[in-house]
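Listed below, chain by chain, are the residues.
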Amino acid sequence: AMAVVAGCGGGDAIRSHMPQVLQQSGRLVLDADALNAIAADATLQAALRGRPPNTTILTPHPLEAARLMKTSSAEIQADRIRMAQTMADHFACVVVLKGSGTIIAAPGVLPHINPTGNARLATAGTGDVLAGLIGARLASGTNPFLCACESAFRHGQVAQEWPQTATMTAENLARAL
């Protein structure tokens, strides 16, 4: 019944835990290292596709998306909406394709383009903050697609409102959220 956020740091250490995470987590957000582990392992890909509907959110940046889809980041970037939707359909989950104009896609749902955010969100760790925010909202029982849309919007909004003279770190971003 709990929500789990997996893959935010830790490198390859997550790989050996992924079968259990995919099998036992009620609601799940997969980021960075978890996505890379899945991309490299057909068994983990099958386990991800086999999860119950409306329980899983992936938060890849373009290179992680390319690894998952066995293509190049240039191809991901060339048609972000189509690729996010294809990934969502392929893995049967919500996809938050990070980047300028973050795309949120889910099976059977019209993709959403997030209107907030700026280059400050390219700062190390800010994607982990987004994954954590999504996980917190997911734990509250919110619909995963809505949860991803709301989280991406708020995450980007805080970055946009950040004072121009102040440095935004992931820690400061998390505190502001």
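Residues numbered from 1 in each chain as written. Predicted model: local features only at pLDDT ≥ 70, side-chain atom pairs only at ≥ 80, totals over all residues. Heavy atoms only, no water.

A. Looking closely at the nonpolar core. In terms of nonpolar packing, the biggest core is built from 31 residues, with Met-18, Leu-30, Leu-58, Leu-68 and Phe-91 touching the most fellow members. Dropping the residues within four chain positions of it, Leu-68 is found in contact with Leu-35, Ile-38, Ala-39, Leu-58, Met-87 and Phe-91. Among the nonpolar cores identified, the runner-up in size contains 15 residues, and Val-29, Ile-104, Ala-131 and Cys-147 belong to it. (Core = buried A, V, L, I, M, F, W, Y, C linked by side-chain atoms within 4.5 Å. Buried < 20%, exposed > 50% of the residue type's maximum accessible area, 1.4 Å probe, protein only. Contact = heavy atoms within 4.5 Å.)

B. Representation of the pattern of salt bridges. Scanning all chains against the criterion turns up five salt bridges. For Asp-79, the salt bridge identified is with Arg-82, shortest N-O distance 3.0 Å. For Asp-79, a relative accessible area of 31% translates into the label partly exposed. Taking the shortest distance from any N to any O, the salt bridge between Glu-150 and Arg-137 comes out at 3.3 Å. Placement of Glu-150 in helix 8 (residues 144-161) and of Arg-137 in helix 7 (residues 126-139) is noted, with a sequence separation of 13 residues between them. By relative accessible area, which is 31% here, Glu-150 ends up partly exposed. (Salt bridge = Lys/Arg side-chain N within 4 Å of Asp/Glu carboxyl O. Helix = DSSP H or I, 4+ residues; strand = E, 2+ residues; numbered from the N terminus.)

C. Helix 6 (residues 80-91), seen in detail. Spanning twelve residues, helix 6 covers 16 Å between terminal C-alpha atoms, matching the ideal 16 Å at 1.5 Å per step. For helix 6, the full list of buried residues reads Arg-80, Met-83, Ala-84, Gln-85, Met-87, Ala-88 and Phe-91. Positive backbone phi, at 55°, marks Ala-92, one or two positions downstream of helix 6. (Expected span 1.5 Å × (residues − 1).)

D. View of the side chain of Thr-59. Structurally, Thr-59 is set in the loop between strand 3 (56-58) and helix 4 (62-69). A relative accessible area of 0% places Thr-59 in the buried class. Residue contacts for Thr-59: discarding those within four places in its chain leaves Val-29, Leu-30, Asp-31, Leu-35, Glu-64, Val-96, Lys-98, Ala-131 and Ile-134.

E. Region of the structure containing the environment of Pro-144. Tracing the backbone through its elements, the reader meets Pro-144 in helix 8. Taking relative accessible area as the criterion, Pro-144 reaches 2% and is therefore assigned buried. It is 10 Å that separates the C-alpha atoms of Pro-144 and Ala-105, two residues lying 39 residues apart in sequence. Apart from the residues within four sequence positions on either side, Pro-144 is in contact with Arg-27, Asn-54, Thr-55, Ile-57, Val-94 and Leu-138.

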